[in-house]
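A closer look at the structure
Chain residues, written in single-letter form:
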Amino acid sequence: MRARLAGALAPVLALIPVPAFAAALEGEAQRQPINWVAIAMFVAFVGLTLWITKAAAARTRTASDFYTAGGGISGFQNGLAMAGDYMSAASFLGISAQIFTDGYDGLIYSTGFLVGWPILLFLMAERLRNLGRFTFADVASYRFAQPPVRSFAAVSTLLVVSFYLIAQMVGAGQLIKLLFGLPYAVAVVIVGALMMLYVLFGGMRATTWVQIIKAVLLLGGASFMALMVLAQFGFSLEALFARAVEVKSAAAQAAGATPTEAAEKGRAIMAPGGFIKDPVSAISFGLALMLGTAGLPHILMRFFTVPDAKEARKSVLWATGWIGYFYILTFIIGFGAIILVGTDAGYKMADGTLRGGGNMAAIHLAHAVGGNAFLGFISAVAFATILAVVAGLTLSAASAVSHDLYATVLKHGRANSADELRVSRITTLALGALAVLLGLVFEKQNVAFMVSLAFALAASGNFPVLILSLLWSGCTTRGAAWGGTIGLLTAFILTLLSPAVWTTTFGLGPAPFPYSSAAIFSVPAGFIAIWLISRLDRSPRAAIDKAGYPAQRVRAETGIGAFAASDH
Amino acid sequence: MTQEAGRTDEALIAAVGGDPRYIELVTRRARLGWWLSAIIFTAFVGYLALIAFDKALLGMPIGNGVTSIGIPIGLGLILLAIALTGLYVAYANRYHDAQMAAILKDHCA
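Residues numbered from 1 in each chain as written. Chains lettered and ligands numbered in written order. Predicted model: local features only at pLDDT ≥ 70, side-chain atom pairs only at ≥ 80, totals over all residues. Heavy atoms only, no water.

Stated formally: UniProt positions are given in the numbering used here, feature names are shortened, and annotations may be inferred rather than shown by experiment.
With an unreviewed UniProt entry as reference, chain A is termed Cation/acetate symporter ActP, source organism Sphingobium scionense. Looking at the Sequence similarities (unreviewed entry) heading of the UniProt record, one finds this comment for chain A: "Belongs to the sodium:solute symporter (SSF) (TC 2.A.21) family."

1. Brief notes about the UniProt feature "transmembrane region" (unreviewed entry) in chain B
All names here are of chain B. Under the convention used in this document: Numbering of helices and strands starts at the N terminus; helices are DSSP runs of H or I of at least 4 residues and strands are runs of E of at least 2.
Under the UniProt annotation, the feature "transmembrane region" (unreviewed entry) is placed at residues 32-53 and 65-91. Along residues 32-53 the backbone is 100% helical and 0% strand, and the end-to-end C-alpha distance reaches 31 Å. In the segment residues 65-91, helix accounts for 81% and strand for 0%; the C-alpha atoms at its two ends are 39 Å apart.

2. Quick word on the interface of chain A and chain B
Where the parts come together, the accessible area they lose is often given as the size of the interface. The test is simple: Between two residues, a contact is recorded if the distance between any of their heavy atoms is within 4.5 Å. For any pair of parts, buried area is found by adding up, for both, the accessible area (1.4 Å probe) each one loses once the two are put together. The working definition used for a salt bridge is a side-chain nitrogen of Lys or Arg within 4 Å of a carboxyl oxygen of Asp or Glu. In the analysis that follows, any N or O atom pair within 3.5 Å is treated as a polar contact, provided that within protein one partner can donate a hydrogen and the other can accept it, and provided that, for residues neighboring in sequence, both atoms belong to side chains.
Taken together, the contacts link 54 residues of chain A with 52 residues of chain B. Together, the buried faces of chain A and chain B total about 4800 Å²; carbon and sulfur atoms form 75% of this surface. Among the residues of chain A in contact with chain B, Phe122(A), Arg313(A) and Ile560(A) are the three that bury the most area, contributing 13% of the side total. The interface formed by chain A and chain B holds three salt bridges in total. Note that Asp97(B) is salt-bridged to Arg313(A), the shortest N-O span being 2.5 Å. At the surface where chain A touches chain B, the tally comes to eleven residue pairs in polar contact (both at pLDDT 80 or more).

3. Brief notes about helix H16 (residues 309-340) of chain A
The cut-off we apply is this: Multiplying 1.5 Å by the helix residue count minus one yields the expected span of that helix.
For H16(A), spanning 32 residues, the distance from its first C-alpha to its last is 46 Å, which sits close to the expected 46 Å at 1.5 Å a residue. You can read the cap of H16(A) off the contacts: a side-chain oxygen lies 3.2 Å from the backbone nitrogen of Lys310(A), and it is on Asp308(A).

4. With respect to the confidence of the model for chain A
Our working rule: Known as pLDDT, the predictor's confidence for each residue is given on a scale from 0 to 100.
Averaged over all residues, the pLDDT of chain A equals 87, while 93% of them reach at least 70. Per-residue pLDDT stays below 50 along residues 1-28 of chain A; that stretch engages in 88 contacts with residues further than four places along the chain or on separate chains.

5. Description of the confidence of the model for chain B
All names here are of chain B. Confidence in the prediction for chain B averages 89 pLDDT; 93% of positions are at 70 or higher. Counting contacts from residues 1-7, a segment whose pLDDT is below 50, to residues more than four positions away or on other chains yields four contacts. Both confidence scores are given for the complex: pTM 0.90, ipTM 0.92.

6. Quick notes on unusual backbone geometry
Residue Ala69(A) is not a glycine yet carries a positive backbone phi of 55°. Mapped onto the elements, Ala69(A) comes out in the loop between helix H4 (63-68) and helix H5 (75-86).

What follows is the structure, encoded as structure tokens:
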């Protein structure tokens, strides 16, 4: 039962082109002995969330309940839920593992994941809430002919969600096998089944609470670990870093380096290392993370769960605060692991690598600072984290199918709420089954590129369409639908031709596209295509689209006619 | 929540859209949004450029200690993201909402 851990870290590995780092994390994911404390804690979490789902199910009667929890979530709750949607097990284990290995480089990652949130707030959040109802396609297609733009948005949502979901499912299987000692297939089926229960019966209300509980548990657990680490160094970061540098130097010296080389190796964890190869890849990767965040369908969907633009704004502030705080904790945890895990032979194999694989640094640290019970707690939190993320993804894909494709494109907006609800539930079942199946199919595959692909697609398709439909009066149906599609295709094709897919995944030799991320080309391609096609569009529909802008703008800015919370 | 509600809104939308106070507020608010976006965008891209072109600079220790310049810069970027978000929300809660509400109230009355 040996498998590579790359999958578990997909979202992190995906964007890291450096072989040294990849190698460090590709430890063997051996099945561990069954961890009963972890299982008991996880069962408690599942029991609580299923009870919440049951309560939510009684209140999920309409499409609005299902998609947006009736619009009655507060800004604070929604901010926590957004953080719960965004902080994946991969960012917790992966970034702390990266810091454990290379030090500083992990921080570059964290900043990239955070800077999209302010931009989402400054340019989109309030306008999204004022114009939208259930999905981001409501906003993107507001003044346009519905079928083309909705179809684009639905296809884009399904693509982004599928790639993200496959990476999460494969990661979940690997991680759970590792932490709980369960077979891979059992782990994938458990994740798929629980996620289906939450979404199917509890809709957005249950999903939101799963995300909130997970966020609180993860933030609490990470805070405790960081606190325990800092306490050992008199709450001085300088003392923490100094000891970490000593540990790394000593390790290098033990491995045969001269004292000068060893000192240099130790100091290297305080500076950026091999994480960024060339300036083009660096900027491109940054663009994908930053703008992709503002185009992720499952994140955008969360804006419709709050009553108004003001709460939408607050959601982002809370989300940004919690996520930023979490990344600072992860940074401390990574350095703590260098010292407390890196110097303890009990956490290592005979050859000096970490037991269970490179990404176990944070898990071993949990044991080092809190013993077996806390290790069980953190393992259960990692499992809960995956569940919350996949539930949010599935819900947004189900909405794209039922609200955008079925109700709007197929039924021309005349579907009744009960039918729409039924279609979303059937879609949820189908997606859950598909997610489990794909998780099983991709078990042995390297799915590391899939999350970077999801971010690149969101940045190159959804983001330009949303920005230009919201802010440019000249944008037309044709421009949005076809231009957005060109952005998506550019991101997709360039990613296939990039080293992570062409060379690493398919082994086809040197990659035709040399950079690690497509965004620096595909984002402008999306914007330029929308602009050019809109400019050349002389159709009668184009005139209607442009004439619709002033009223749309006033609605977006003022919230006149915005869909209000429906309370039962 | 229906299209009928949308139709009665149309007169209001036309009136508000033509109100110079509305135009002034929206322009000011959009300018704030773009400026703040430009700040965070430039800060992040600048940080990446620094990493790409001058790794050694970020690795320089502060004073006689071990902590490098890169640490406060990286953590500072995280804090900047939170601070700018907070600034925008505070500004919008304090000024924009009230001004917009006043404009809407005038036209609804």
